[in-house]
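A structural walkthrough
The residues making up each chain are set out below.
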Amino acid sequence: MDRRSLIKNAGIAGVLAAGVAPAVHAQAAIRWRLASSFPKSLDTIFGAADIFAKQVKAMSGGKFEISVHAAGELMPAFGVVDGVQQGSVECAHTAPYYFFGKDETFALGCAIPFGLNSRQMTAWMYEGNGMKLMREFYGKYNIVNFPGGNTGAQMGGWYRKEIKSLKDVKGMKMRIGGFGGKVFERIGGVPQNIPGGEIYAALEKGTIDAAEWVGPYDDQKLGFNKVAPHYYYPGWWEGGPQLDFFINNKAFEALSPENKAIVEAAAAQAHSDMQAKYDARNPAALKQLVGAKTQLHAFPKDVLNAAFKEAMALYSEISAKNENWRKVYADFSKFRAEQNLWFRFTEANFDRFMQEQKL
């Protein structure tokens, strides 16, 4: 054996003796668990996690598998941040604003009243400073985030009684998700934070007077029209709510560069897929709801004006006391102003013209 072969074989022997297998074997069997905050019956919003897991498996040739678990299977719907932070599960799929009780800044990663629409939210995340700023914040919870879907602008919820003015909101008990509840409370309502799978029972029993979820396709599945006839728009608290995949930082950093890229690509696929499904399915569902005697209403202008005023006041108050919020919101609000100006001349005018046409 010549000197070059001896050195080569000795090197391989040394690697094997050290117990280090080639990279392909080291990554041969990765098994993660994902905890969702949503029930399986909601194929659009829960389905994003399924899309994510299927894409990860396909792109890894079956070597990286993620089992997806609905709310309540591994942990409660609102327990997923603790689960990921503590490493009980490797990842979760959720709406970040559910966790504003831990820190209001969570809401900025999803939606705040009178915030960004879905396209603007994606732009802030990918091309603005959104991803950078939110990852700095989520790092405090051992979390790496990836955008995981957007519903688009939502409806304003289901009500037992008609809202004719702001005074009709006073004392109203409403299931309203995330940060919207803070503003709803400031205009006289009584917010309730209830997981999606439990809303119908609360509305049916009269525990609450009103409830919002997403929009026609999901709301029809949940049967809200059977117990509350008045359907309002727009959902001013959710102009473009973004869902996220939350991944335990240690689990993510243990992945190879290839598998990190797979996770990122799979999340991006799920992100675009969710809004496509909602945009495609909501129109038919709304027609069916109206055909079943659902009464559509626009929120009275005094309700919107009061909510906007209170939202802006609330954001100023939080900025004065929460450094995390102040840092992210300063960038968010600047981006919102620039986007609002641009959309005024383009998207808004185009949409308004098209909606006046007979097609």
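Residues numbered from 1 in each chain as written. Predicted model: local features only at pLDDT ≥ 70, side-chain atom pairs only at ≥ 80, totals over all residues. Heavy atoms only, no water.

**Looking at the overall build of the protein**
Assigned secondary structure in the protein consists of 15 helices and eleven strands. In terms of overall dimensions, the protein has C-alpha extents of about 95 × 45 × 40 Å along its principal axes. Residues classed as buried in the protein amount to 49% of the 359 residues present. Within the protein, contacts between residues separated by at least 24 positions form 78% of all contacts whose residues are at least 6 apart in sequence. When the accessible surface of the protein is summed, it comes to about 17,000 Å², and 54% of that surface belongs to carbon and sulfur atoms. (Helix = DSSP H or I, 4+ residues; strand = E, 2+ residues; numbered from the N terminus. Buried < 20%, exposed > 50% of the residue type's maximum accessible area, 1.4 Å probe, protein only. Contact = heavy atoms within 4.5 Å. Areas by Shrake-Rupley, 256 points an atom, 1.4 Å probe, with all protein chains shown as cover.)

**Topic: the sheet that holds strand β10 (residues 242-248)**
Pairing is mixed in the open sheet, where five strands are placed in the order β2-β1-β3-β10-β4. With one partner strand each, in any of the chains shown, β2 (64-69) and β4 (143-150) form the two edges of the open sheet. Averaged over neighbouring strand pairs, the angle between their axes works out to 25° when direction is ignored. Pairing analysis gives three bridges linking strand β1 (residues 30-36) to strand β3 (residues 91-94), with the strands arranged parallel. (Pairing = 2+ DSSP bridges. Axes fitted to C-alpha atoms, helices over the stretch in contact; angles between N-to-C directions.)

**Re unusual backbone geometry**
Here the bond from Tyr233 into Pro234 is cis, since omega is -10°, no more than 30 degrees from zero. By secondary structure assignment, the location of Pro234 is in the loop between β9 (230-233) and β10. You will see that Asn142, though not glycine, has its phi angle at about 60°, which is positive. You can see Asn142 is positioned in the loop between α7 (130-138) and β4. Positive phi is not limited to glycine here, since Lys293 has a value of about 80°. Mapped onto the elements of the fold, Lys293 is located in the loop between α12 (257-291) and β11 (295-298).

**Overview of the pattern of salt bridges**
This model, assessed by the stated rule, comprises 14 salt bridges. Of the charged contacts in the structure, one is a salt bridge between Glu65 and Lys57, with a shortest N-O distance of 3.7 Å. Between Glu317 and Arg186 there is a salt bridge; the shortest N-O distance is 3.0 Å. Of the two residues, Glu317 is situated in helix α13 (residues 301-321) and Arg186 in helix α8 (residues 180-186); the sequence distance between them amounts to 131 residues. Classification of Arg186 by relative accessible area gives partly exposed; the value is 30%. (Salt bridge = Lys/Arg side-chain N within 4 Å of Asp/Glu carboxyl O.)

**Section: the environment of Glu323**
Within the secondary structure, Glu323 sits in helix α14 (residues 323-345). Taking the C-alpha atoms as reference points, Glu323 and Val169, separated by 154 residues in sequence, lie 32 Å from one another.

**Focus: the environment of Val80**
For Val80, the location among the structural elements is in helix α4 (residues 80-86). Along the backbone, Val80 and Leu222 are 142 residues apart, and their C-alpha atoms lie at a distance of 23 Å. Once residues lying within four places of it in the same chain are set aside, the contact partners of Val80 are Ala35, Ser36, Ser37, Met75, Ala92, Thr94 and Phe99.

**Quick notes on a nonpolar patch on the surface**
A cluster of nonpolar side chains, Phe350, Phe353, Met354 and Leu359, forms an exposed patch at the surface whose accessible area comes to about 490 Å². Turning to its location among the elements, Met354 is positioned in helix α15 (residues 347-355). (Patch = residues over 30% accessible without salt bridge, like charges linked within 9 Å, V, L, I, M, F, W, Y side chains within 5 Å.)

**Considerations on the pairing of β2**
Examined bridge by bridge, β1 and β2 share six bridges and lie parallel to one another. Pairing of Arg33 across the sheet is with Ser67, part of β2. Taken together, β1, helix α3 (residues 47-59) and β2 form a β-α-β motif whose crossover is right-handed. (Right-handed = clockwise from strand over helix to strand, strands pointing away.)

**Topic: α12**
With 35 residues, α12 extends 52 Å from end C-alpha to end C-alpha; this agrees with the ideal 51 Å at 1.5 Å per step. Of all the bends in α12, the largest measures some 35° and sits at Asn282, one to four residues before the proline Pro283. Downstream of α12 by a residue or two, Lys293 has a phi angle that is positive, lying close to 80°. (Expected span 1.5 Å × (residues − 1). Bend = angle between axes of the 7 residues up to and from the residue.)

**Quick word on the pairing of β4**
Moving residue by residue along a regular strand, the side chains alternate between the two faces of the sheet. Counting buried positions over the eight residues of β4 gives eight, a clear majority of the element. Pairing geometry for β4 and β10, over six bridges, is antiparallel. Looking at the pairing, Asn145 lines up with Phe246 of β10.

**Some points on the packing of α13 against α14**
Following both chains from N to C, one finds α13 and α14 inclined at 140°, their axes separated by 7 Å at the closest point. Between α13 and α14, the angle falls in the class oblique. The hand of the α13/α14 crossing is left-handed. Between α13 and α14, the residues in contact are Met312, Tyr315, Ile318, Ser319, Ala320 and Lys321 and Glu323, Trp325, Arg326, Tyr329 and Arg336, respectively. Its residues placed into classes, the contact of α13 with α14 shows six nonpolar, one polar and four charged. (Parallel < 35°, antiparallel > 145°, perpendicular 65-115°, else oblique. Left-handed = near helix turned anticlockwise from the far one by under 90°. Nonpolar A, V, L, I, M, F, W, Y, C, P; charged D, E, K, R; others polar.)

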